[in-house]
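# Observations on the three-dimensional arrangement
What follows is each chain in one-letter form.
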Amino acid sequence: MRIHCPYCGTRGVEEFTYLGDATVRRPDPDAPEAAWVDYVYLRDNPAGPHPEYWYHAAGCHGWLVVVRDTRTHEIFSVRTASGGAEA
Amino acid sequence: MSSDRYSFLSVLREALRGQTGWKPAWRKADPQESYDVVIVGGGGHGLATAYYLARRYGIRRVAVVEKSWLGNGNIGRNTTIVRSNYLLAGNVPFYECSMKLWEGLEQDINYNAMVSQRGVLNLFHNDGQRNAYTRRGNAMRLHGVDAQLLDAAAVRRKLPFLDFDNARFPIQGGLLQQRGGTVRHDAVAWGYARAADRLGVDIIENCEVTGMRITDGRVEGVETTRGFIGAKKVGLACAGNSSRVAALAGLRLPIESHVLQAFVTEGLKPFIDCVVTFGAGHFYISQSDKGGLVFGGDIDGYNSYAQRGNMPVVEDVCEGGMALMPRIGRVRMLRQWGGLMDMSMDGSPIIDRTPVDQLYLNAGWCYGGFKATPASGLCFAHLLARDEPHPVATAYRLDRFARGAVIDEKGMGAQPNLH
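Predicted, not measured: the structure shown is a model, and the values here were computed from it.

### Points about the sheet that holds strand β12 (residues 255-267) of chain B
Residue and element names in this part refer to chain B. Strand order in the open sheet formed by eight strands is β5-β6-β4-β13-β14-β15-β12-β16, and the pairing between neighbours is mixed. In this open sheet, the two edge strands, each paired with only one partner strand, are β5 (148-151) and β16 (333-344). Looking at each pair of strands side by side, their axes are set apart by 25° on average, direction ignored. Bridge count between strand β13 (residues 275-278) and strand β14 (residues 283-287): three bridges; the pairing is antiparallel. Looking at the pairing, Val276 lines up with Ile285 of β14. Against the sheet, helix α8 (residues 311-324) touches β4 (120-124), β12, β13, β14, β15 (292-303) and β16, its axis set at about 135° to β15.

Pasting the structure below:
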C-alpha cells in the first residue's frame, strides 16, 4: 500500500502511522455521557470507503485524511486534515 | 453398520471393507422455516456454540448459517496457539475454562483435533519485563493456572539455538505455561461441526445473512441469500464481520476490523518443540506436526476487510524472527495469509445481550479468538439458553465501555490497533 502525501509525494505505508476513523467528532464538553461514549468507543467500521487519519511520521509530519476502500485497500483521495492541500 | 463413531475398531473395520462405510462428517442441511436458535457465523465460535447448546443445554433446533464454506474464516487462518496466560481477573478464569475444555475436547466430540500441550514460552529481555512476567505468572497461579518462571540457563537448555547474547535484546528468561500449546485448527471446526450435526444441528453453508427482521425491538429471524429463517433467538458470532452484521440490526459496536497476517515455511525436521514468543518485538512461532514453522506478529494496523495484508508487516515479522532465532534465516516461506480481526476498544471480547431483544452478540476477539473457541462456545450457549452470563464470562459485557469497566490487558486505551 502506498499513500500519496500532498507535500511529499507517493510514499510506502511504512512511513505513516494510523489513527483511525476520521468522521468521529469530539462532542461539546457539556454533551451528555452517551455522546462521549459514542465518540470514544463506537465506530461504523464500514466495509467500503473509509475516511481515516494517517500521520506522515517519516515525512512531513502532516496529518492526512485518506479515503480508502477497506475491502481492497484502494485509495480514492488524500488531503491534509487541516483542509489545505489535496493530493 | 455405519462408522458413525470414530474409534480404533471403526478404522479397522473400514480397512477391511475398502473404506466404503464412512459417512460425511456433517450433512449439507437446507434451511427450515424456523429454529429455536440461529447462529450467524459458521466458524469455530459459532460451531462450538451450536454444539454446546445441543449437548449441554438440550436445545437442538439450532441452525448455523455461514456465508462461505465452513472454516473459511479465522478458524482456518490462525497460528493454532492455545494458552491461558492472562493477567486480569476478568480474563483468567475464562481462558482457563477454555484450556480445560481443550484438554477434554477430543474425547468430548470424538474427533482428533491434535491437541498438543507442548508449552508456551514468553521470553523476557530486561528487568522490567521480568517483573511484568513474574507478576503475570503469580496472577495465573493465584487463579490455579500453571506458570513457571525460567531463567536464561533453563531457556538455553530448552532452546539452545536462540540468540541469547543479542546485543540489544539479550534473553534473560521466560514465562512458561506448559499446559499451553497448539491444536489443529481446521480439525476444531470439522470436529465441532460433526458433533453438532450428530445432535441435530443444521449447518447451512453458502448462506449469507442480508438482513434482520425486527418487530417492536425484538428479532424474529434473519433474511438470507437462501430466504427468511425464523428464530426465537439469534446469536452473532461473525468475528471480523461483526460490525457489518450488527449494522443490519441497527447497532454500532466498539469494534474495528483489522487484518492480521500469518506465515508458514517449508517443512523441516523437528527443532522447535514448544511455542516461543519474542519479548522485544511481536513475534511468535511454533513448528507444525508437518514440520513447517508457523509464525506471526502484529496486525497491519489499519481498518481492513481484505483478508490480505501488506509488505511492511511481513518485513517486521521476519525481522523479529531473525532477532530471536537467526538460524531460520535461510528457510523459505511457503505461504502467507490474512484474516479479519474484530479488534475491540479494550482488547477483550464481548459475550452479551444486545439492545435488540433476543439478539445476542459474541465478538471482539481481537487476534486471540482461536484459543477461546471452546469457552466462547460454552459461554455463548449458556447465555442463549439461560439468558444470563456464564460465571466465567461475567466481565464480557457490551455496556462495560459506557460504565468504564474496560478489561485492558495491555493498558492501551481505546485504540484498537494497539491491543
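### Digging into the nonpolar core
All names here are of chain B. Judged by nonpolar contacts, the single largest core of 64 residues is most densely connected at Tyr52, Phe94, Tyr192 and Ile351. Contributions of two or more residues to this core are made by β1 (34-40), α2 (44-56), β2 (62-65), α3 (92-109), α4 (127-142), α6 (185-198) and α9 (369-386). Among the domains, domain 1 (26-84 + 86-111 + 185-254 + 346-418) and domain 2 (120-179 + 257-344) are the pair contributing at least three residues each to this core. Excluding residues within four positions of it along the chain, Tyr52 makes contact with Tyr57, Leu101, Leu105, Asp108, Tyr192, Pro374, Gly377, Leu378 and Ala381. Of all hydrophobic cores here, the second largest spans 33 residues; its members include Val38, Cys207, Leu253 and Leu361.

### Some points on the sheet that holds strand β3 (residues 17-21) of chain A
Residue and element names in this part refer to chain A. Taken in spatial order, the four strands make up an open sheet running β3-β4-β5-β6, and their pairing is antiparallel. Two strands in the sheet have a free side with no partner beyond their single neighbour: β3 and β6 (75-80). The sheet shows a mean angle of 25° between the axes of neighbouring strands, direction not considered. Strand direction decides the pairing type here: strand β4 (residues 49-55) and strand β5 (residues 63-69), joined by seven bridges, are antiparallel. By the bridge assignment, Pro51 is partnered in β5 with Val67.

### Section: the interface of chain A and chain B
Counting residues at the interface gives 23 residues for chain A and 25 residues for chain B. Taking both sides of the interface into account, the surface hidden between chain A and chain B amounts to around 2,200 Å²; carbon and sulfur atoms contribute 51%. Applying the counting rule to chain A against chain B returns two salt bridges. In this structure, Asp44(A) and Arg252(B) form a salt bridge, with 2.7 Å as the shortest nitrogen-oxygen distance. Our enumeration of links across chain A and chain B arrives at 15 residue pairs in polar contact (both at pLDDT 80 or more). Elements represented by at least two residues in the side of chain A that touches chain B include exactly β3, α1 (33-41) and β4 of chain A. By residue number, the principal contributor to the side of chain A that touches chain B is α1(A), which donates five residues. For the side of chain A that touches chain B, the residue count by class is eleven nonpolar, five polar and seven charged.

Rules used in this analysis
- Just so you know, the residues in each chain are numbered from 1, in the order the chain's sequence is written.
- Whichever chain is written first becomes A and whichever ligand is written first becomes 1, with later ones labelled in order.
- It should be noted that, the model being predicted, local features are given only for residues of pLDDT at least 70 and side-chain atom pairs only at 80 or more, the latter also being counted only at that level, while totals for whole chains, interfaces and linings use all residues.
- As a convention, hydrogens and water are excluded, and side-chain values are obtained from all of the structure's heavy atoms.
- Between any two strands, at least two bridges found by DSSP are needed for them to pair.
- What counts as a helix is a DSSP run of H or I of at least four residues, what counts as a strand is a run of E of at least two, and both are numbered from the N terminus.
- In this analysis, axes come from line fits to C-alpha atoms, helices being fitted only over the stretch in contact, and the angle between any two N-to-C directions falls in the range 0 to 180 degrees.
- Any pair of residues with heavy atoms lying within 4.5 Å of one another is described as a contacting pair.
- Among the buried residues, those of types Ala, Val, Leu, Ile, Met, Phe, Trp, Tyr and Cys that are joined through side-chain atoms within 4.5 Å form a nonpolar core.
- When accessible area is computed with a 1.4 Å probe and restricted to protein chains, residues below 20% of their type maximum are described as buried, those above 50% as exposed, and intermediate ones as partly exposed.
- Throughout, the edges of the domains are those of an automatic or database domain assignment.
- Summed over both partners, buried area is the accessible surface (1.4 Å probe) that two parts give up on being assembled.
- When a carboxyl oxygen of Asp or Glu is within 4 Å of a side-chain nitrogen of Lys or Arg, the pair counts as a salt bridge.
- Within 3.5 Å is the distance limit for a polar contact, defined as a pair of N or O atoms, with the added protein rule that one can donate a hydrogen and the other accept it, and that residues adjacent in sequence qualify only through two side-chain atoms.
- Gly is placed with the polar residues, together with every amino acid not listed as nonpolar (Ala, Val, Leu, Ile, Met, Phe, Trp, Tyr, Cys and Pro) or charged (Asp, Glu, Lys and Arg).

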